[in-house]
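# Inside the fold
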Amino acid sequence: EDQVTQSPEALRLQEGESSSLNCSYTVSGLRGLFWYRQDPGKGPEFLFTLYSAGEEKEKERLKATLTKKESFLHITAPKPEDSATYLCAVQAGRNSGGSNYKLTFGKGTLLTVNP
Amino acid sequence: NAGVTQTPKFRILKIGQSMTLQCTQDMNHNYMYWYRQDPGMGLKLIYYSVGAGITDKGEVPNGYNVSRSTTEDFPLRLELAAPSQTSVYFCASLAGTRSYEQYFGPGTRLTVT
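Described below are features of the structure shown in this document.

What counts and how
Residues numbered from 1 in each chain as written. Chains lettered and ligands numbered in written order. Predicted model: local features only at pLDDT ≥ 70, side-chain atom pairs only at ≥ 80, totals over all residues. Heavy atoms only, no water. Helix = DSSP H or I, 4+ residues; strand = E, 2+ residues; numbered from the N terminus. Rg over C-alpha atoms; globule rule 2.2 N^0.38 Å. Areas by Shrake-Rupley, 256 points an atom, 1.4 Å probe, with all protein chains shown as cover. Lys, Arg positive; Asp, Glu negative; His and termini not counted. Charge placed at Lys NZ, Arg CZ, Asp CG, Glu CD. Pairing = 2+ DSSP bridges. Axes fitted to C-alpha atoms, helices over the stretch in contact; angles between N-to-C directions. Disulfide = S-S within 2.5 Å. Buried < 20%, exposed > 50% of the residue type's maximum accessible area, 1.4 Å probe, protein only.

Now for the overall build of chain B. Secondary structure summary: chain B contains zero helices and 11 strands in total. The order of α-helices and β-strands along chain B, N terminus first, is β-β-β-β-β-β-β-β-β-β-β. Against the compact-globule benchmark of 13 Å for 113 residues, chain B has a radius of gyration of 13 Å, which places it among compact chains. Seen along its three principal axes, the alpha-carbon backbone of chain B occupies a region of about 45 × 30 × 25 Å. Total accessible area on chain B stands at roughly 5400 Å², and carbon and sulfur atoms take up 51% of it. Computed over 10 positive and 8 negative side-chain charges, the inter-centroid distance for chain B is 7 Å.

Another aspect to go through is the sheet that holds strand E3 (residues 19-25) of chain B. Residue and element names in this part refer to chain B. Spatial strand order, E1-E3-E8-E7: four strands in an open sheet with antiparallel pairing. Bordering the open sheet on either side are strand E1 (4-7) and strand E7 (64-66), each of which pairs with just one other strand. With direction set aside, neighbouring strand axes in the sheet form an average angle of 20°. Pairing between E1 and E3: four bridges, direction antiparallel. Across the sheet, the residue bridging to Gln-6 is Cys-23, located in E3.

As a further point, take the state of the cysteines. Taken as a whole and assessed by the stated rule, the structure comprises two disulfides over all chains. Two residues, Cys-23 of chain A and Cys-88 of chain A, share a disulfide whose sulfurs are 1.9 Å apart. Taking the sign of the torsion about the S-S bond as the criterion, the disulfide between Cys-23 of chain A and Cys-88 of chain A, at about -65°, is left-handed. Note that Cys-23 of chain A is positioned in strand E3 (residues 19-26) and Cys-88 of chain A in strand E9 (residues 84-92), a separation of 65 residues in sequence. The pair Cys-23 of chain A / Cys-88 of chain A is uniform in exposure class, with both members buried. Here Cys-23 of chain B pairs with Cys-91 of chain B through a disulfide, and the sulfurs are 1.8 Å apart. Linking Cys-23 of chain B and Cys-91 of chain B, the disulfide has an S-S dihedral of approximately -70° and is accordingly described as left-handed. Placement of the pair is Cys-23 of chain B in strand E3 and Cys-91 of chain B in strand E9 (residues 87-94), with a sequence separation of 68 residues. Each member of the pair Cys-23 of chain B and Cys-91 of chain B is classed as buried.

Put into C-alpha coordinates, the structure is as follows:
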(Lines give C-alpha, C1' and ligand atoms only; values in the text may rest on other atoms or scores of the structure.)
Protein backbone atom coordinates (compact mmCIF):
# COMPACT_ATOMS: atom_id res chain seq x y z
CA GLU A 1 0.00 0.00 0.00
CA ASP A 2 1.34 3.43 -0.98
CA GLN A 3 1.95 5.80 1.93
CA VAL A 4 2.83 9.47 2.21
CA THR A 5 3.84 11.22 5.44
CA GLN A 6 4.31 14.97 5.60
CA SER A 7 6.10 16.89 8.31
CA PRO A 8 5.73 19.12 10.14
CA GLU A 9 1.93 19.27 10.37
CA ALA A 10 2.15 23.03 10.83
CA LEU A 11 4.95 25.54 10.41
CA ARG A 12 4.98 29.19 11.36
CA LEU A 13 7.66 31.43 9.84
CA GLN A 14 8.53 35.09 9.88
CA GLU A 15 8.63 36.83 6.54
CA GLY A 16 12.04 36.19 4.98
CA GLU A 17 12.78 33.15 7.18
CA SER A 18 13.62 30.25 4.86
CA SER A 19 12.67 26.66 5.70
CA SER A 20 11.77 23.27 4.24
CA LEU A 21 8.77 20.97 4.26
CA ASN A 22 9.28 17.21 4.17
CA CYS A 23 7.37 14.47 2.34
CA SER A 24 8.38 10.86 3.02
CA TYR A 25 6.87 8.18 0.84
CA THR A 26 6.66 4.47 0.16
CA VAL A 27 5.30 3.37 -3.22
CA SER A 28 5.63 0.35 -5.46
CA GLY A 29 7.49 1.93 -8.33
CA LEU A 30 7.19 5.69 -8.42
CA ARG A 31 5.79 7.28 -11.56
CA GLY A 32 5.75 10.77 -10.10
CA LEU A 33 5.66 12.83 -6.91
CA PHE A 34 3.41 15.88 -6.94
CA TRP A 35 3.28 19.04 -4.85
CA TYR A 36 0.09 21.06 -4.55
CA ARG A 37 -0.82 24.28 -2.75
CA GLN A 38 -4.26 24.62 -1.17
CA ASP A 39 -5.72 27.90 0.06
CA PRO A 40 -8.61 27.88 2.56
CA GLY A 41 -11.93 27.06 0.89
CA LYS A 42 -10.34 26.24 -2.46
CA GLY A 43 -9.22 23.20 -4.41
CA PRO A 44 -5.59 22.07 -4.56
CA GLU A 45 -3.48 23.96 -7.09
CA PHE A 46 -0.75 22.05 -8.91
CA LEU A 47 2.82 23.22 -8.27
CA PHE A 48 5.38 20.60 -9.35
CA THR A 49 5.88 17.08 -10.62
CA LEU A 50 9.12 15.21 -9.89
CA TYR A 51 9.81 11.93 -11.68
CA SER A 52 13.21 10.67 -10.58
CA ALA A 53 15.68 10.94 -7.71
CA GLY A 54 17.94 13.94 -8.04
CA GLU A 55 15.39 15.98 -9.97
CA GLU A 56 14.71 19.57 -8.87
CA LYS A 57 12.01 22.05 -9.93
CA GLU A 58 11.75 25.74 -9.05
CA LYS A 59 8.98 28.32 -9.13
CA GLU A 60 9.49 31.76 -7.62
CA ARG A 61 10.41 31.19 -3.94
CA LEU A 62 9.72 27.45 -4.04
CA LYS A 63 12.08 24.63 -4.94
CA ALA A 64 11.14 20.96 -4.84
CA THR A 65 13.68 18.15 -4.66
CA LEU A 66 13.38 14.37 -4.75
CA THR A 67 15.32 11.40 -3.36
CA LYS A 68 14.39 7.72 -3.40
CA LYS A 69 12.59 8.03 -0.06
CA GLU A 70 11.51 11.64 0.34
CA SER A 71 10.90 15.02 -1.20
CA PHE A 72 11.54 18.47 0.17
CA LEU A 73 9.78 21.71 -0.62
CA HIS A 74 12.24 24.51 0.13
CA ILE A 75 10.79 27.96 0.68
CA THR A 76 13.29 30.81 0.33
CA ALA A 77 12.55 34.20 1.89
CA PRO A 78 8.81 33.49 2.19
CA LYS A 79 6.16 36.20 2.05
CA PRO A 80 2.76 36.26 3.78
CA GLU A 81 1.09 35.32 0.47
CA ASP A 82 2.92 31.97 0.63
CA SER A 83 0.72 31.03 3.58
CA ALA A 84 -1.29 27.93 2.59
CA THR A 85 -1.48 24.18 3.09
CA TYR A 86 1.06 22.31 0.97
CA LEU A 87 0.10 18.82 -0.11
CA CYS A 88 2.37 16.04 -1.35
CA ALA A 89 1.10 13.07 -3.37
CA VAL A 90 2.61 10.03 -5.11
CA GLN A 91 1.54 8.18 -8.23
CA ALA A 92 2.50 4.55 -8.74
CA GLY A 93 4.19 3.51 -11.93
CA ARG A 94 2.71 1.51 -14.81
CA ASN A 95 4.22 -1.77 -13.66
CA SER A 96 2.64 -1.34 -10.23
CA GLY A 97 -0.96 -1.06 -11.39
CA GLY A 98 -0.60 2.65 -12.00
CA SER A 99 -2.39 2.83 -15.35
CA ASN A 100 -5.24 4.69 -13.67
CA TYR A 101 -2.88 7.47 -12.46
CA LYS A 102 -4.37 7.50 -8.97
CA LEU A 103 -2.75 9.73 -6.36
CA THR A 104 -2.07 8.94 -2.71
CA PHE A 105 -1.95 12.13 -0.67
CA GLY A 106 -0.28 13.08 2.58
CA LYS A 107 -2.19 15.06 5.19
CA GLY A 108 -0.43 18.30 4.31
CA THR A 109 1.66 20.96 6.03
CA LEU A 110 -0.08 24.18 7.06
CA LEU A 111 2.38 27.02 6.48
CA THR A 112 1.81 30.42 8.05
CA VAL A 113 4.12 33.31 7.18
CA ASN A 114 3.85 36.30 9.47
CA PRO A 115 4.75 39.80 8.23
CA ASN B 1 -11.35 27.38 -20.74
CA ALA B 2 -12.95 26.99 -17.30
CA GLY B 3 -11.00 23.86 -16.27
CA VAL B 4 -12.87 21.75 -13.69
CA THR B 5 -16.14 23.14 -12.39
CA GLN B 6 -18.26 21.81 -9.54
CA THR B 7 -21.79 22.56 -8.38
CA PRO B 8 -23.14 23.34 -5.89
CA LYS B 9 -20.53 25.12 -3.76
CA PHE B 10 -22.40 24.43 -0.54
CA ARG B 11 -25.25 22.13 0.45
CA ILE B 12 -26.98 21.07 3.63
CA LEU B 13 -28.78 17.73 3.58
CA LYS B 14 -30.94 15.99 6.10
CA ILE B 15 -30.14 12.41 7.06
CA GLY B 16 -31.60 10.02 4.49
CA GLN B 17 -31.87 12.56 1.67
CA SER B 18 -30.13 12.05 -1.66
CA MET B 19 -28.27 14.41 -3.95
CA THR B 20 -25.92 14.57 -6.90
CA LEU B 21 -22.70 16.55 -6.92
CA GLN B 22 -21.91 17.76 -10.40
CA CYS B 23 -18.44 17.88 -11.99
CA THR B 24 -17.60 19.05 -15.49
CA GLN B 25 -14.26 19.55 -17.23
CA ASP B 26 -13.62 21.24 -20.56
CA MET B 27 -10.05 20.03 -21.13
CA ASN B 28 -11.02 16.79 -22.93
CA HIS B 29 -9.33 14.78 -20.18
CA ASN B 30 -9.94 11.04 -20.15
CA TYR B 31 -9.37 10.51 -16.42
CA MET B 32 -11.58 11.94 -13.69
CA TYR B 33 -11.59 11.48 -9.91
CA TRP B 34 -13.72 12.20 -6.87
CA TYR B 35 -12.09 12.86 -3.48
CA ARG B 36 -13.34 13.79 -0.06
CA GLN B 37 -11.31 15.89 2.34
CA ASP B 38 -11.90 15.79 6.06
CA PRO B 39 -10.04 17.96 8.59
CA GLY B 40 -6.62 16.51 9.38
CA MET B 41 -7.22 13.44 7.19
CA GLY B 42 -5.96 14.42 3.76
CA LEU B 43 -7.66 13.68 0.45
CA LYS B 44 -9.25 10.23 0.08
CA LEU B 45 -10.24 8.80 -3.31
CA ILE B 46 -13.91 7.83 -3.61
CA TYR B 47 -14.31 6.81 -7.26
CA TYR B 48 -12.47 7.35 -10.50
CA SER B 49 -13.02 6.95 -14.22
CA VAL B 50 -10.51 6.22 -16.98
CA GLY B 51 -12.91 7.18 -19.76
CA ALA B 52 -16.55 7.47 -20.74
CA GLY B 53 -18.47 4.40 -19.59
CA ILE B 54 -15.69 3.14 -17.29
CA THR B 55 -15.67 3.72 -13.53
CA ASP B 56 -14.02 2.03 -10.56
CA LYS B 57 -13.96 2.25 -6.79
CA GLY B 58 -11.32 4.12 -4.87
CA GLU B 59 -10.40 3.92 -1.21
CA VAL B 60 -13.73 5.02 0.36
CA PRO B 61 -16.62 4.22 -2.07
CA ASN B 62 -19.32 3.11 0.40
CA GLY B 63 -22.44 5.27 0.26
CA TYR B 64 -21.60 6.78 -3.13
CA ASN B 65 -22.22 6.03 -6.80
CA VAL B 66 -20.88 7.51 -10.02
CA SER B 67 -21.53 7.42 -13.73
CA ARG B 68 -19.56 8.65 -16.75
CA SER B 69 -21.76 8.92 -19.81
CA THR B 70 -19.65 11.65 -21.46
CA THR B 71 -15.99 12.68 -21.39
CA GLU B 72 -16.89 16.01 -19.79
CA ASP B 73 -19.16 15.00 -16.90
CA PHE B 74 -18.58 12.84 -13.84
CA PRO B 75 -21.42 13.22 -11.30
CA LEU B 76 -21.21 11.78 -7.78
CA ARG B 77 -24.44 10.47 -6.28
CA LEU B 78 -25.10 10.24 -2.55
CA GLU B 79 -27.96 7.93 -1.62
CA LEU B 80 -29.39 8.01 1.91
CA ALA B 81 -27.05 10.70 3.25
CA ALA B 82 -25.43 10.07 6.63
CA PRO B 83 -23.59 12.44 9.00
CA SER B 84 -20.34 10.58 8.16
CA GLN B 85 -20.62 12.01 4.65
CA THR B 86 -20.21 15.55 5.94
CA SER B 87 -17.06 16.63 4.13
CA VAL B 88 -15.60 18.73 1.34
CA TYR B 89 -15.75 16.98 -2.02
CA PHE B 90 -13.29 17.64 -4.82
CA CYS B 91 -13.41 16.53 -8.41
CA ALA B 92 -10.22 16.30 -10.48
CA SER B 93 -9.22 15.45 -14.02
CA LEU B 94 -6.04 14.34 -15.75
CA ALA B 95 -5.00 14.14 -19.38
CA GLY B 96 -3.01 10.89 -19.13
CA THR B 97 -0.95 11.60 -22.21
CA ARG B 98 2.35 13.50 -21.80
CA SER B 99 1.17 14.98 -18.49
CA TYR B 100 0.12 13.17 -15.35
CA GLU B 101 -0.86 15.90 -12.93
CA GLN B 102 -4.44 16.10 -11.72
CA TYR B 103 -6.32 19.40 -11.90
CA PHE B 104 -8.87 20.07 -9.20
CA GLY B 105 -12.20 21.85 -9.06
CA PRO B 106 -13.13 24.36 -6.35
CA GLY B 107 -14.98 21.82 -4.19
CA THR B 108 -18.44 21.28 -2.71
CA ARG B 109 -18.88 21.65 1.03
CA LEU B 110 -21.58 19.22 2.19
CA THR B 111 -23.13 19.08 5.64
CA VAL B 112 -25.49 16.24 6.62
CA THR B 113 -27.57 16.89 9.75
